[in-house]
Amino acid sequence: MKDFAGKIAVITGGGTGMGRELARQLVAEGCNVAMCDVSAEAMAETKRLCEVEQLPQGLRVTTHIADVSIEGQLQRFRDELMEQQATDKIHLLFNNAGIGGGGSLFTNSREQWERTFNICWGGVYFGVRTFLPLLMKADEGHIINTSSINGFWASVGPGVAHTAYASAKFAVKGFSESLMTDLKLNAPHIKCSVVMPGHIGTSIVSNSRKIQSGSESAPLSDVEIVVARERLKGTGVDTAAMSDDDVQRRVLDRARSFREEAPMTAAAAAKIILDGVKADRWRILVGDDAHKIDERVRKTPEEAYTPEFYQSYRDAVGWKLD
Ligand SMILES: NC(=O)c1ccc[n+]([C@@H]2O[C@H](COP(=O)([O-])OP(=O)(O)OC[C@H]3O[C@@H](n4cnc5c(N)ncnc54)[C@H](O)[C@@H]3O)[C@@H](O)[C@H]2O)c1
């Protein structure tokens, strides 16, 4: 798809981060956008930002509350979209919504683990199931599923458990790659890409906490303190002398530094994603760190989960993610 003008795009998780920037850049190119999120407030801000420049006549930006892990809510989003955008077709589907957390089968609850897995994987699967009939009706369509570098490297370092997110992101990658053949055979006018970002400066750390525990800034619960101590220990921090308040400060500061000290902004990432769609690339790596880890995992797969591999990679890309 070389041109987005006059098309209709669905974006899940359009409230902040890369979803917001995708919405802004698509609208700037004259594309209609229908987004969903669990935060009405965040979507209202995205819509406002989209409308800062006067929208071309007739262009629509609509917002819809839907939790992507619940199929019925996505179906309601689809029905609202069809009514509010007066259409029975869409051209672009960005399955972007995702959260982190729930990393361990041992220190996290089953509920937390499955929440992360069901949003990151279920959201993509239900998104495709729900919107495929509308893509079928368009003259050309493109599905863009956001995985992660954790979709080909299941780690954020050897001391930190990361099972829910990595499993879901591997599933998104496998689904997207196999979907390409299914589409070629059965709906050749629809393309599919998988997006694998490295570290992008967004609020995913605080948003994930909000979704996992109901608040992004409230004091950590006793369970969260235990999990946070485990994580810090896993990254080599000596937590023995740290009070719970120290741990709390460290966790809040991590959310800030993740957003503010990243090697790439969400806007730059969205541009790479949209350029990748226009260039018809099925595999869209985002960031120098993503390219480097891709090369390294392929070159030495047996080493990929050793401390030496992680340390050398961190040094090469300058990650500060503790
Ligand atoms: N930021 C990174 O470093 C990074 C790296 C690799 C992959 N990713 C992936 O990129 C995607 C976008 O993440 P981001 O960094 O822009 O994060 P973000 O938190 O800024 O944006 C994600 C949006 O999705 C929404 N959301 C969360 N759960 C939802 C649900 N159940 N239903 C609907 N909306 C929901 C959030 O409210 C938020 O607005 C995610 O899939 C994430 O896993 C991010």
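(A) Structural detail: the sheet that holds strand β3 (residues 61-65). Here seven strands make up an open sheet; going across it, the order is β3-β2-β1-β4-β5-β6-β9 and the pairing parallel. Both outer strands of the open sheet, β3 and β9 (283-286), are each paired with one neighbouring strand and no more. Direction aside, the axes of adjacent strands within the sheet are offset by 15° on average. Relative to strand β6 (residues 190-197), strand β5 (residues 141-146) runs parallel, the two being bridged by six bridges. Bridging across to β6, Gly-141 finds its partner in Ile-190. Packing against the sheet, helix α3 (residues 71-84) makes contact with β1 (8-12), β2 (32-37) and β3, and its axis sits at approximately 155° to β3. Against the sheet, helix α4 (residues 110-136) touches β1, β4 (92-95), β5 and β6, its axis set at about 175° to β4.

(B) Expanded view of the packing of aromatic side chains. Summed over all chains, the structure comprises eleven aromatic pairs. Between Trp-153 and Phe-309, the aromatic rings sit 6.2 Å apart at their centres with planes inclined by 45°, giving tilted as the arrangement. Of this pair, Trp-153 sits in the loop between β5 and α5 (163-186) while Phe-309 sits in helix α11 (residues 307-317), placing them 156 residues apart in sequence. You'll find Trp-153 and Phe-309 in the same group, each marked buried.

(C) Summary view of the environment of Gln-54. Mapped onto the secondary structure, Gln-54 falls in the loop between α2 (40-50) and β3. Along the sequence, Gln-54 and Ala-28 sit 26 residues apart, while their C-alpha atoms lie 9.6 Å from each other.

(D) Representation of the site of the ligand. Residues in close proximity to the ligand total 30 residues, the closest being Asp-37, Asn-96, Tyr-165, Thr-202 and Asn-207. A distance of 3.4 Å is found between a nitrogen atom of the ligand and a backbone nitrogen or oxygen belonging to Ala-66. Side-chain polar atom of Tyr-165 to an oxygen atom of the ligand: 2.6 Å apart, as the coordinates give it. Considered on its own, the ligand offers 830 Å² of accessible surface; in the complex 97% of this is hidden by protein. Of the residues in the shell around the ligand, the class split is 13 nonpolar, 14 polar and three charged.

The rules behind each value
- Residues numbered from 1 in each chain as written.
- Predicted model: local features only at pLDDT ≥ 70, side-chain atom pairs only at ≥ 80, totals over all residues.
- Heavy atoms only, no water.
- Pairing = 2+ DSSP bridges.
- Helix = DSSP H or I, 4+ residues; strand = E, 2+ residues; numbered from the N terminus.
- Axes fitted to C-alpha atoms, helices over the stretch in contact; angles between N-to-C directions.
- Contact = heavy atoms within 4.5 Å.
- Phe/Tyr/Trp six-rings, centres within 6.5 Å; stacked < 30°, edge-to-face > 60°.
- Buried < 20%, exposed > 50% of the residue type's maximum accessible area, 1.4 Å probe, protein only.
- Near = heavy atom within 4 Å.
- Polar contact = N/O pair within 3.5 Å; in protein donor to acceptor, adjacent residues only side chain to side chain.
- Areas by Shrake-Rupley, 256 points an atom, 1.4 Å probe, with all protein chains shown as cover.
- Nonpolar A, V, L, I, M, F, W, Y, C, P; charged D, E, K, R; others polar.

That's the geometry; what it means functionally is another story.
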